[in-house]
Amino acid sequence: MSATQVREDTRAHRPKPEPQKGRRRPLAWAAGAAGGVVLAVLPLFNLSVPGLLPGPTYTPGSLQLMALCMLMAAAALTYHLLLGVAGMLSFGHALYFGAGVYGLAIILDRTGLPLLPAMALTLVAVIVLANLTGAVALRVTGIPFAMVTLAFAQAGSVMVRRNPDGATGGEEGLSLATEHVPDFLVGVANTRNLYWLALAALVTVFLVTAWIQRSRAGHVAAAVRENEMRVRVLGLQPYLAKLLIFVVAGTLAGVVGMTYLLLQSGAVPRAVSSDFTITLLVMVVLGGVGSRWGAVLGGVVYTMLDQRLTALANSEAIAGLPPILHIPLSEPLFLLGTLFILVVLFLPGGLAGAAARLKGRRKEAARPREILEEAG
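An account of the accompanying structure is given in this report.

Structural notes on the packing of helix α7 (residues 191-214) against helix α12 (residues 292-313)
Logical step 1: Interaxial distance between α7 and α12 falls to 11 Å at its minimum, and their mutual angle equals 150°. Compared by their axis directions, α7 and α12 come out roughly antiparallel. When you trace α7 past α12, the crossing you get is right-handed. Together, L202, F206, T209, A210, Q213 and R214 of α7 and R292, W293 and V296 of α12 make up the contact between the two elements.
Logical step 2: Along the lines of polarity and charge, the residues of the contact of α7 with α12 split into five nonpolar, two polar and two charged.

If you want it as structure tokens, here you go:
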């Protein structure tokens, strides 16, 4: 067989990009479903992961940590809708997460409603809040948009800390009124149920995010992110598409906030602070902007490090180091900041982008061997 025939035969057998993408999508969903099943049965087994979990997977401490990681991954997914899909840099996304946390806590404390009606009422309040603030903030774009969302979040934070009529608890926060919550969601003995609730919240947010991203509004919002003027020329309405994405992201953040309240048994002012929004931004960038799985991975990795680095910083090994090493290593935020800088410098696509590049390199390395096999 001549070299020319080999090249022509190689071109003929070279797979087309679209079919490959179509085959990868079911595999990705199947892998995700398998991962969900593994997470669902994890509390039933006695598995230990030294350094990551404080104990076996069935113990309340480990379940609490894993549930928190899943909720933060879900919160990062809601921010992915804003930044990764629509290209909207918001500094006030914590307002809607905090509205879910404090809204449900206040309604349970002041009205005496059962949990489900209280959650439904809180959800309506979050939707109205997201519509009103989004309608105002989206009148501008870019940095002005970020500043307007920051102003709304700061107003919410001030209100929470001022503790109007004793409703929010001020700096000390507000405890969950457990007498209005079903018994199977209260107490350390029921941490497993709260873990499953957090997993359900993550799966729900992921599915809704995927659906919105693939909808007409999601495609329009993605087009606006690339070139808003071209979208206007085509006769589409970028404002309505962005408002829908904004409201959905805020509503999902409120749902995650309500679940967070049940897991933590209380609300704290940080849930409404701009610091929490920056944390969500770091999670999305760490995982990879524009990737749903990246947002989930970034949320889990950041939360796990944030929780476990505190134990490392207070360990005897760090305390015994010289002051020049002990001082920075005893600060978890310093370690997290260093990690974030390294990711931005050396992994510009985040953790998801690094995995994709590694997979691409493996395919490129295997391609010459495939060509030789086909030629033979």
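Some thoughts on the environment of L65
Logical step 1: The topology assignment puts L65 in helix α3 (residues 60-85).
Logical step 2: Along the chain, L65 and Y195 lie 130 residues apart, while their C-alpha atoms are 9.1 Å from each other.
Logical step 3: Excluding residues within four positions of it along the chain, L65 makes contact with L52, L53, P54, M304, Q307 and R308.

As for a nonpolar patch on the surface
Logical step 1: Among the surface-exposed residues, V37, V41, L44, F45, L47 and W196 lie close enough to one another that they form a single nonpolar patch of about 530 Å² accessible area.
Logical step 2: The residue F45 is located in the loop between α2 (17-41) and α3 in this model.
Logical step 3: With a relative accessible area of 44%, F45 lands in the partly exposed category.

Cut-offs used in this document
Residues numbered from 1 in each chain as written. Predicted model: local features only at pLDDT ≥ 70, side-chain atom pairs only at ≥ 80, totals over all residues. Heavy atoms only, no water. Axes fitted to C-alpha atoms, helices over the stretch in contact; angles between N-to-C directions. Helix = DSSP H or I, 4+ residues; strand = E, 2+ residues; numbered from the N terminus. Parallel < 35°, antiparallel > 145°, perpendicular 65-115°, else oblique. Left-handed = near helix turned anticlockwise from the far one by under 90°. Contact = heavy atoms within 4.5 Å. Nonpolar A, V, L, I, M, F, W, Y, C, P; charged D, E, K, R; others polar. Patch = residues over 30% accessible without salt bridge, like charges linked within 9 Å, V, L, I, M, F, W, Y side chains within 5 Å. Areas by Shrake-Rupley, 256 points an atom, 1.4 Å probe, with all protein chains shown as cover. Salt bridge = Lys/Arg side-chain N within 4 Å of Asp/Glu carboxyl O. Buried < 20%, exposed > 50% of the residue type's maximum accessible area, 1.4 Å probe, protein only.

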